[in-house]
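# Coordinate inspection notes
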Amino acid sequence: MAGLRYVYAVCRPFDTPLQSQLTGVAGAPPGLLRHRGLVAVVSTVPGTDFGEEAFQAHLEDPVWLAATVRAHRGVIAALATVTTPLPLRLGTVCEDDSVVRTLLETHEDSFERVLDRLEGRVEWGVKVYTEAAAAPRPAREPASAAEPEQASGETPGEAFVRTLHERLAGRAEACRVRVPACTPSGHAARNVLDAAYLVPRAHCEEFVELIDRTRAEEPGVRVELTGPWAAYSFTGEETRYSFTREDPR
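Throughout what follows, the structure given in this document is the object of discussion. (Residues numbered from 1 in each chain as written. Predicted model: local features only at pLDDT ≥ 70, side-chain atom pairs only at ≥ 80, totals over all residues. Heavy atoms only, no water.)

## Examining the overall build of the protein
Put simply, the test is: Counting from the N terminus, the helices are the DSSP runs of H or I reaching at least four residues and the strands are the DSSP runs of E reaching at least two. Burial status follows relative accessibility: with a 1.4 Å probe on protein chains alone, a residue under 20% of its type maximum counts as buried, one over 50% as exposed, and anything between as partly exposed. A contact between two residues is defined here by any heavy atoms of the two lying within 4.5 Å. Accessible surface is estimated by sampling points in the Shrake-Rupley manner with a 1.4 Å probe; for residues, cover comes only from the protein chains shown.
When its secondary structure is counted, the protein shows seven helices and nine strands. For the protein, the proportion of its 249 residues judged to be buried stands at 43%. Contacts in the protein between residues far apart in sequence, at least 24 positions, make up 76% of those at least 6 positions apart. For the protein, the computed accessible surface area is about 12900 Å², with 50% contributed by carbon and sulfur atoms.

## Some thoughts on the sheet that holds strand β8 (residues 189-200)
Cut-off, in case you're wondering: Pairing between strands is defined by DSSP: at least two bridges between the two strands are required. Note on definitions: angles span 0 to 180 degrees between N-to-C directions of axes, and those axes are lines fitted to C-alpha atoms, for helices only across the stretch in contact.
Pairing is antiparallel in the open sheet, where four strands are placed in the order β7-β8-β6-β9. Of all strands in the sheet, those bounded by a partner on one side alone are β7 (174-178) and β9 (221-229). Across this sheet, the average inter-strand angle for adjacent strands is 20°, counted without regard to direction. Looking at chain direction, strand β6 (residues 121-131) and β9 are connected through seven bridges and run antiparallel. Bridge pairing in β9 places E123 opposite W229. Contacts between helix α7 (residues 204-214) and the sheet are confined to β6, β8 and β9, with β6 contributing the most and set at about 5° to the helix.

Take a look at the structure:
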C-alpha cells in the first residue's frame, strides 16, 4: 500500500521555520501544505501501518501506540512555539495532498472560527490530589464543563478544590473539568480535580503564580500543574472529523 498523508494540525501561515531535526510519526519530518488561508501540517506514513485496519490493530500494541503518541504530540508542541495550532486527533490520515486540501476547504469556516478563539492562548492542566485519610469525595461529572459539582456538607479539602477552581477559572477564558480518575485501593493519594484552563499567553505568569501561592494552603493536598500546551481541550468538534482516504465531495 502506498504512503498516506498524516495530518497533525491546522494553523494559519507562519514565517518561523520548524526545528530542522524535527521528526514526526513513523520517523518522517513534517511539512506544510498550504491551501488558501490555512496550513495543514503533514508527513508521509506507510499505508501498511496507517490504513484503517492496520491502524486499529496497532492500537492494541502499547509500545507502538506510545511511540506514535509521542511523535504526534512532539510535532504539535514544536508548532506551538511558532504559531497557534489546532491539533487534530491521533491517526488522522488522508489518501493524498488533494484530499487534505479538500478537507481544509470543506471545513474552512469552522477551522477559522476555532483558530480565532485559540489565537494567543495556551492550555494549562491542573490536577489536585489528597491524602487518602483526608480525601474529599471525587466529583461526579459536572453539569457544566466549567464548574465542578459541589456536594452539601463539604470537607475542608472539598472547599479547597472548589475555591481553587473558582480562582483559576476567573483567570482563564475557558475551562474543562473532567471526571477524576479512580484511585486504586491502597494508594496514599486520590485525584479529586482534573481540569484544563485556556489562558492568554500574556496572563500565564499570573496563572502560574496563583498555583504557587495556593499549593500550601491546605495540608495533605498536592496541586500538580502541567503546560503550557497547545489547546487540545478547547478545539471543539473539528478534531473529530472523519478524515477519509477519498474525496468527501
